[in-house]
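Listed below, chain by chain, are the residues.
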Amino acid sequence: MSFNQTPSSNRIHIGFFGRRNAGKSSVVNAVTGQELAVVSDVKGTTTDPVQKAMELLPLGPVVIIDTPGIDDEGALGELRVKKTRQTLNKTDVAVLVVDIREGKSAADEALITLFTEKDLPYLVVYNKADLLADKQEGTKSFGHLELSVSAKTKEGIQELKERLASLAKQEESGRRIVSDLVDPSDFVVLVVPIDQAAPKGRLILPQQQTIRDLLEADAVTVVVKEDRLAETLRQLGKKPRLVITDSQVFAQAAKDTPTDVPLTSFSILFARYKGNLRSLVRGAAAIDRLRDGDQVLISEGCTHHRQCDDIGSVKLPRWLAEYTGKQLTISLSSGTEFPENLSDYQLVIHCGGCMLNEREMKYRMKCAKEAEVPMTNYGVAIAFMKGILERSLEVFPEVLGELLEK
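In this numbering scheme, every chain counts its residues from 1 along its sequence in written order. Residue-level local features of this predicted model are given only where pLDDT is at least 70; pairs of side-chain atoms are given and counted only at 80 or more, and the full residue set underlies all totals for whole chains, interfaces and linings. To obtain the side-chain values, all non-hydrogen atoms of the structure were used and water was disregarded.

Colleague: Honestly, the side chain of asparagine 127 in this entry has me stumped. Any pointers?
Modeller: Under the scheme used here, helices are H or I runs from DSSP no shorter than 4 residues and strands are E runs no shorter than 2 residues, and both carry numbers assigned from the N terminus. Within the secondary structure layout, asparagine 127 lies in strand β5 (residues 122-127). Burial status follows relative accessibility: with a 1.4 Å probe on protein chains alone, a residue under 20% of its type maximum counts as buried, one over 50% as exposed, and anything between as partly exposed. Residue asparagine 127 is classed as buried on the basis of its relative accessible area of 2%. Only heavy atoms enter the contact rule, under which two residues are in contact if any of them lie within 4.5 Å. Contacts of asparagine 127, omitting those with residues within four sequence positions, involve Ala22, Gly23, Val27, Val97, Val98, Asp99, Ile100, Val149, Ser150 and Ala151.

Right, dumping it as structure tokens:
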């Protein structure tokens, strides 16, 4: 991924929902100006959620998601409906597409209830206005959350895009990855291990985004592998403002970084960036309460080919066993397959969530909170088990203060 591309996790996610044959895919194609979704008169043509990252004016960078019909039938249909409901957890703006000739059904009303429960901005779009015998009916007055369109003639499509832009408009959170912690010309050292799990020929997304944020702050970025950190710090000739390490080599980075140089991890920085750091630090304390037979869920937001020393499936279970001395039952999940019921677990350890947008990460944390299951992330958990969590939080004194009070 090049630096001028907006990661999907930072894009507005717009989901199109509705019954089979309401014309969701046709509306998606009309809005995007592309043949993004397959269109057919056969009910249930869209069998799985289809998503595409793109630029959509006047919104900007977005992810468009076309979903299967919410009224799909049979055993396979139930699985498709489940996928559609999962899509709601990462949707920032929802579009409910209704055939204007039929009006809203009970399934449509149930979707609107879900939108409301999830505090999800939405529009009801009455499609196929061109097929109405009485054109006056197609121009009737709609509420501020409703409008009529024709995917075929493009009537109302521009207004739909403008309404979507209005709903998607969000105030800047003011949160930064790291640029607010440094001044121009400060040296920042990034510790990036290159192992079998590293994508060949490129850096992983959190590392790319951190470098970009530091460049925008006019800081001087030095990137090294873990076995070069100590020598690099000696050769710099200037004390760095901050050392940021990959969680996997946290212990070695702590050993090689002088105690008067602030040290933290990419995972901790991104937890703060997504607004979850306090909760995740509190959740790490549950590691000390684990007992024989307890179940721990290790969850990743993306899917990738697991290597022989994979952090989620190999390293974390090993470190948990070594630290706790307990016989734990480890479960793994990845991608969109986050368990709906967490009540059987005593702890959830999640990845940094760099591939998940803020809404989906908040949904997963909400699931854990409602199930009263502590949740932390890779970087916080590793720092906790290595005895360096307090040091890694020194750059965030307000969070460190809460930790020390407990």
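Colleague: What's the story with the pattern of salt bridges in this structure? I'm lost.
Modeller: A side chain with one charge can pair with a side chain of the opposite charge if their charged atoms come near. Within this document, salt bridges are pairs made up of a side-chain nitrogen of Lys or Arg and a carboxyl oxygen of Asp or Glu, the two lying within 4 Å of each other. Taken as a whole and assessed by the stated rule, the structure comprises 16 salt bridges. Here arginine 228 and glutamate 231 are joined by a salt bridge, their closest N and O atoms 3.2 Å apart. The class for arginine 228 is partly exposed, based on a relative accessible area of 42%. A relative accessible area of 27% places glutamate 231 in the partly exposed class. Note that lysine 239 is salt-bridged to aspartate 260, the shortest N-O span being 3.8 Å. Within this pair, whereas lysine 239 is found in the loop between α7 (229-235) and β9 (242-245), its partner aspartate 260 is found in the loop between α8 (250-256) and β10 (263-265), the two being separated by 21 residues in sequence.

Colleague: Before we go on, may I ask you to explain the packing of helix α11 (residues 311-324) against helix α13 (residues 378-385) in this structure?
Modeller: A pair of packed helices can be characterised by two numbers: the angle between their axes and the separation between those axes. Axis geometry follows a simple rule: fit a line to the C-alpha atoms, using only the stretch in contact for helices, then measure angles between N-to-C directions, giving values from 0 to 180 degrees. Across the interface, α11 lies against α13 with an axial gap of 11 Å and an inter-helix angle of 30°. The angle between α11 and α13 falls in the class roughly parallel. When the axes of α11 and α13 are compared, the crossing they make is left-handed. Contacts between α11 and α13 involve Ile311, Gly312, Leu316, Trp319, Leu320 and Tyr323 from the first element and Tyr378, Ile382, Phe384 and Met385 from the second. Every angle not falling under 35 degrees, over 145, or within 65 to 115 is termed oblique; those three ranges are roughly parallel, roughly antiparallel and roughly perpendicular. Here is the rule for handedness: rotate from the far helix to the near one, and if that takes an anticlockwise turn smaller than a right angle the crossing is left-handed, while a clockwise turn gives right-handed.

Colleague: For this particular structure, what's the right way to read the nonpolar core?
Modeller: One broad trend across soluble globular proteins is that nonpolar side chains are buried collectively. Residues belong to one nonpolar core when they are buried, are Ala, Val, Leu, Ile, Met, Phe, Trp, Tyr or Cys, and are joined through side-chain atoms within 4.5 Å. Ranked by size, the top nonpolar core spans 74 residues in total, and within it Leu277, Leu316, Leu342 and Leu393 carry the most contacts. Not counting the four nearest positions on each side in its chain, leucine 277 is found in contact with Ile268, Ala271, Arg272, Val380, Leu393, Phe396 and Val399. Listed in part, the 24 residues of the second largest apolar core include Val28, Ile64, Val95 and Val125.

Colleague: Can you help me understand the environment of glycine 156 in this one?
Modeller: Here glycine 156 shows up in the loop between β6 (146-148) and α5 (157-168). Non-local contacts of glycine 156, meaning those with residues more than four positions away in its chain, are made with Leu147, Ser148 and Val149.

Colleague: In this structure, what is going on with the sheet that holds strand β14 (residues 375-377)? I would like to understand it.
Modeller: Think of a sheet as strands paired side by side through backbone hydrogen bonds, with each pair either parallel or antiparallel. Strand order in the open sheet made by the four strands is β12-β11-β13-β14, with parallel pairing throughout. The open sheet has two edge strands, β12 (329-334) and β14, and neither has a second partner. Neighbour to neighbour, the strand axes of the sheet diverge by 25° on average, direction disregarded. For strand β11 (residues 295-300) and strand β13 (residues 347-350), the ladder comprises four bridges, and the chain directions are parallel. Looking at the pairing, serine 299 lines up with histidine 350 of β13. This element, α11, spans β11, β12 and β13 of the sheet and lies at about 145° to β11. One requirement defines pairing of two strands: DSSP has to find at least two bridges between them.

Colleague: Teacher, can you tell me more about the pairing of strand β1 (residues 12-18) here?
Modeller: On a regular strand, one side chain projects to one face of the sheet and the next to the other, so that they alternate. With seven of its seven residues buried, β1 lies for the most part within the structure. Taking every second residue as pointing to the same face, both faces of β1 are buried, with Ile12, Ile14, Phe16 and Gly18 on one and His13, Gly15 and Phe17 on the other. The sheet contact formed by β1 and strand β3 (residues 60-66) spans five bridges and is parallel. Paired with isoleucine 12 across the two strands is valine 62, which belongs to β3.

Nothing here speaks to function; it is geometry throughout.
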